[in-house]
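Here's the letter readout for the chains.
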Amino acid sequence: MATRPAGRPEGPVQRLKGALVEASRSIFPSMGAAEWRSVIRGEAAPRPNPRMRVHTNSFFYHIRPRALPLEATAWYYTFGLGWMSFFFFVLEAITGAILMVYYTPSPLVAYADMQKIISDVPLGRLLRNMHRLGAHMMVLVVILHMMRTYFTASYKAPRQFIWVTGIILLLVTLLLSFSGYLLPWDQLAYWAVTIGSSMAEAAPLFGSATNLLLRGGVDIGAGTLLRFYLLHIFLLPMVAIILISIHYYAVRKQEISPIHELFAPDNPRGWGKPTKRKVPFLPDQVFFEIALILLLTFAFVAINYFFWDAKLESHANPGVTPQHTKAPWYFLWLQGMLKFGDKLVFGLILGPLVLVLPILLPYLDRNPSRRFADRKVALASGVMALLYFGYVSYAGLPEYGIQQTGSQEILTEFVPIEGEGIVDHVPWSELPSTAVVYQVQSTEGTHPLETLTDVNGNPVPMESMTAETQHLFVEFREAVEHWVEIDERFRNPTATLAIEPWTYLQREEGGETQVVTGQDGQPELAIKRATVTLVFEATEVDENGNVVSRQTATGEQEYSRTQQSDFLHRDSHHDRLEENASSPREASQ
């Protein structure tokens, strides 16, 4: 029997309709124009339901249920945290794949590549911001997801395996984020990874070998960066994809734990009664998920473009340890535990135990009930665990349990060697263009004595300074007073903040180098130098634990002196963003 080939649609409108139908069929197999018209109009599905054929003809929709229980779609029950964790995983995979094109895992060029991504690659800064913030959000969402599962007792039979795979996924998520921490090769990344990897040395028997395997050498270097890069882009994502597939299959098989099991059947609001009502995946759930993807993506792009910027610290320098080094926020609890005792006990025994105990939880908790009323001990234990982690995370901050010295803190706050201090926040044009020296003498029991002079010691009226510079001097005086009160060994200091011209703008003209002059006829500055000098009484601790002044052999008072400078470049200083600057640190009492 002869067949007649189908005719090509006539006219652009018919061709457009045909293209749309074919595109929809590629995404939603077996869904034709008639079914879509019925869906858009909100009409009830006919019997037999043609929309169900989508799950038969498409692998993606085959792994999704044809209908979800109404309880499982309640936002106040799951908050969509499991779905959002997968959303951020896909977001990280997409942005990471693009960034990978412009990145080389070598200490010689890694930092330069990061600067190139930020400044030269179209939308490079946005992509890096999204990748960095997305990593933090993914860790946060996965932690919240596990907390929700615990407090609703969704780990109990028959969902023990779902819980176990979820705990392993949480660990993989933490390692994914931590392995990417080193890739920018800046000071923040280098020293944070130094802290994390150094704990491996405390492991018994194989500690040294484990540390060498992780770092690829005695110190962090090219081998470490390459290992972390391969972990971040290959091994850990592959493991995560396998575990996500297993985890979702288990959820699909057992279904989400019903909310009515949390309440008594006679609950006045009726929450304890099961409902047989279901929500069809197509169109209700799939349209909701598409709308949510669009909304989250738009919001995330807007946040990273307008309100948040992933700061790139200075180049990694093994020879300079930053004043305040800390681990990533999700490992602060581990860093805090290390402050309470031996690194072996608190880091490598109690630390992993925190991860092992949750895995055994479904098998240790013998209470079969999921009701809140029957789980008072479990709920109270969960709240106590949250308080404990909150406290040890706070203990992981640099300000906790570490003796801060007033002299070093003032230098770090105002003229740090790396990063930006308070002096950097003052606009270039507001800083003095001539040399001035602001001095504060603080003697115990008296009000600080302030002077403002030029380099020759001649008095300079404070009113001649700009408002921003006057405010800078006030902050400097208050910082000195504050640390005199906090640090007992910062005794009777004489603190000086000097701002002076350092280098003038020059240009080649007629084979000669000439200094550029401004409209007022004065030389234009290229660099200003801000210098903080601190002179204070030297002290020591006697046998009774008291701080006493240290004397010379002739009985004279000894003094300690420290000095640090910050060079303020005209162009870079003018372009600095306030949100990228480090804020002054608060002292711990």
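The rules we used
- Residues numbered from 1 in each chain as written.
- Predicted model: local features only at pLDDT ≥ 70, side-chain atom pairs only at ≥ 80, totals over all residues.
- Heavy atoms only, no water.
- Core = buried A, V, L, I, M, F, W, Y, C linked by side-chain atoms within 4.5 Å.
- Buried < 20%, exposed > 50% of the residue type's maximum accessible area, 1.4 Å probe, protein only.
- Helix = DSSP H or I, 4+ residues; strand = E, 2+ residues; numbered from the N terminus.
- Contact = heavy atoms within 4.5 Å.
- Pairing = 2+ DSSP bridges.
- Axes fitted to C-alpha atoms, helices over the stretch in contact; angles between N-to-C directions.
- Salt bridge = Lys/Arg side-chain N within 4 Å of Asp/Glu carboxyl O.
- Parallel < 35°, antiparallel > 145°, perpendicular 65-115°, else oblique.
- Left-handed = near helix turned anticlockwise from the far one by under 90°.
- Nonpolar A, V, L, I, M, F, W, Y, C, P; charged D, E, K, R; others polar.
- Arc of directions from axis to C-beta.
- Polar contact = N/O pair within 3.5 Å; in protein donor to acceptor, adjacent residues only side chain to side chain.
- Patch = residues over 30% accessible without salt bridge, like charges linked within 9 Å, V, L, I, M, F, W, Y side chains within 5 Å.
- Areas by Shrake-Rupley, 256 points an atom, 1.4 Å probe, with all protein chains shown as cover.

**Let's talk about the nonpolar core**
One finds F88 and W185 to be the most contacted residues of the largest nonpolar core, which totals 61 residues. Those elements that provide at least two residues to this core are α6 (81–101), α7 (110–119), α8 (124–151), α9 (160–179), α10 (187–198), α12 (222–254), α14 (332–338) and α17 (376–395). For this core, the element with the most residues is α8, which contributes 10 residues. For W185, the contacting residues outside a window of four places in its chain are P107, A110, Y111, Y190, I220, G221, L225, H315 and A316.

**What about unusual backbone geometry?**
Backbone torsion omega between A157 and P158 reads 10 degrees, so that peptide bond is classified as cis. On the secondary structure map, P158 appears in the loop between α8 and α9. Phi is positive for F79, close to 60 degrees, though the residue is something other than glycine. Mapped onto the elements of the fold, F79 is located in the loop between α5 (75–78) and α6. Backbone geometry places A153, a non-glycine residue, at a positive phi of 55 degrees. Note that A153 resides in the loop between α8 and α9.

**Considering the sheet that holds strand β11 (residues 559–569)**
Judged by pairing direction, the sheet is antiparallel, and its five strands sit side by side in the order β4-β3-β5-β8-β11 without closing on themselves. Whereas interior strands pair on both sides, the edge strands pair on one side only; in this sheet they are β4 (449–453) and β11. Within this sheet the neighbouring strands show an average axis-to-axis angle of 10 degrees, counted without direction. Alignment of strand β3 (residues 436–441) against β4, held across five bridges, turns out to be antiparallel. Paired with V437 across the strands is T453, a residue of β4. Of the strands in this sheet, β8 (525–537) and β11 touch helix α18 (residues 406–414), which is tilted by about 165 degrees from β8. Contacts from helix α19 (residues 467–486) reach β3, β4, β5 (491–504) and β8 within the one sheet, and its direction differs from that of β5 by about 150 degrees.

**A few points about the pattern of salt bridges**
Applying the stated criterion across every chain, the model contains eight salt bridges. Among the salt bridges present, the one from R125 reaches D309, with a minimum N-O distance of 2.8 Å. Of this pair, R125 sits in helix α8 while D309 sits in the loop between α13 (281–307) and α14, and the two are 184 residues apart along the sequence. Overall, the relative accessible area of 36% leaves R125 in the partly exposed class. Among the residues examined, D309 registers a relative accessible area of 17% and is labelled buried. Notably, a salt bridge pairs D365 with K156, separated by 3.7 Å at the nearest N-O pair. Linking D365 in the loop between α16 (350–364) and α17 with K156 in the loop between α8 and α9, this pair joins segments that are 209 residues apart in sequence.

**Comments concerning the packing of α8 against α9**
Running from N to C, α8 and α9 cross one another at 160 degrees; their axes reach a closest spacing of 10 Å. One way to sum up the angle between α8 and α9 is to call them roughly antiparallel. Note on packing geometry: the crossing formed by α8 with α9 is left-handed. Counted together, A135, M138, V139, V142, I143, M146, T149 and Y150 of α8 and W163, G166, I167, L170, T173, L174 and S177 of α9 form the full contact between these two elements. Here the contact of α8 with α9 is built from residues that sort into 11 nonpolar, four polar and no charged.

**Observations concerning helix α2 (residues 33–40)**
Each α-helix turn comprises 3.6 residues. Residues three or four places apart therefore point the same way. Within the span of α2, buried status applies to E35, W36, S38 and V39. Mapping the buried residues of α2 onto a view down its axis gives an arc of 160 degrees, with all of them on the same face. One or two steps after α2, the chain reaches G42, where phi turns positive at roughly 75 degrees.

**So, the environment of T533**
Its location among the elements puts T533 in strand β8. In this structure T533 comes out as buried when scored by relative accessible area, which is 12%. Sequence separation of T533 and T496 is 37 residues, and the distance between their C-alpha atoms is 5.1 Å. Setting aside residues up to four positions removed in sequence, T533 forms contacts with T494, A495, T496, R561, T562 and Q563. At a separation of 2.8 Å, a polar atom in the side chain of T533 contacts the side chain of Q563.

**Structural notes on a nonpolar patch on the surface**
A surface patch of nonpolar side chains, amounting to about 870 Å² of accessible area, comprises M100, F161, L226, L230, I233, F234, L235, M238, I242 and I246. Here the element with the most residues in the nonpolar patch is α12; it accounts for eight residues.

**Quick word on the packing of α8 against α13**
When two helices pack together, their arrangement is given by the angle between the helix axes and by the axis-to-axis distance. Between α8 and α13, the least distance of the axes is 9 Å, while the angle of their chain directions is 115 degrees. With respect to their mutual orientation, α8 and α13 come out roughly perpendicular. Crossing of α8 against α13: the hand is right-handed. Two secondary-structure elements touch here, α8 through L126, N129, M130, L133, G134 and M137 and α13 through F300, V301, I303, N304 and Y305. Each residue belonging to the contact of α8 with α13 can be placed in one class, and the counts come to eight nonpolar, three polar and no charged.

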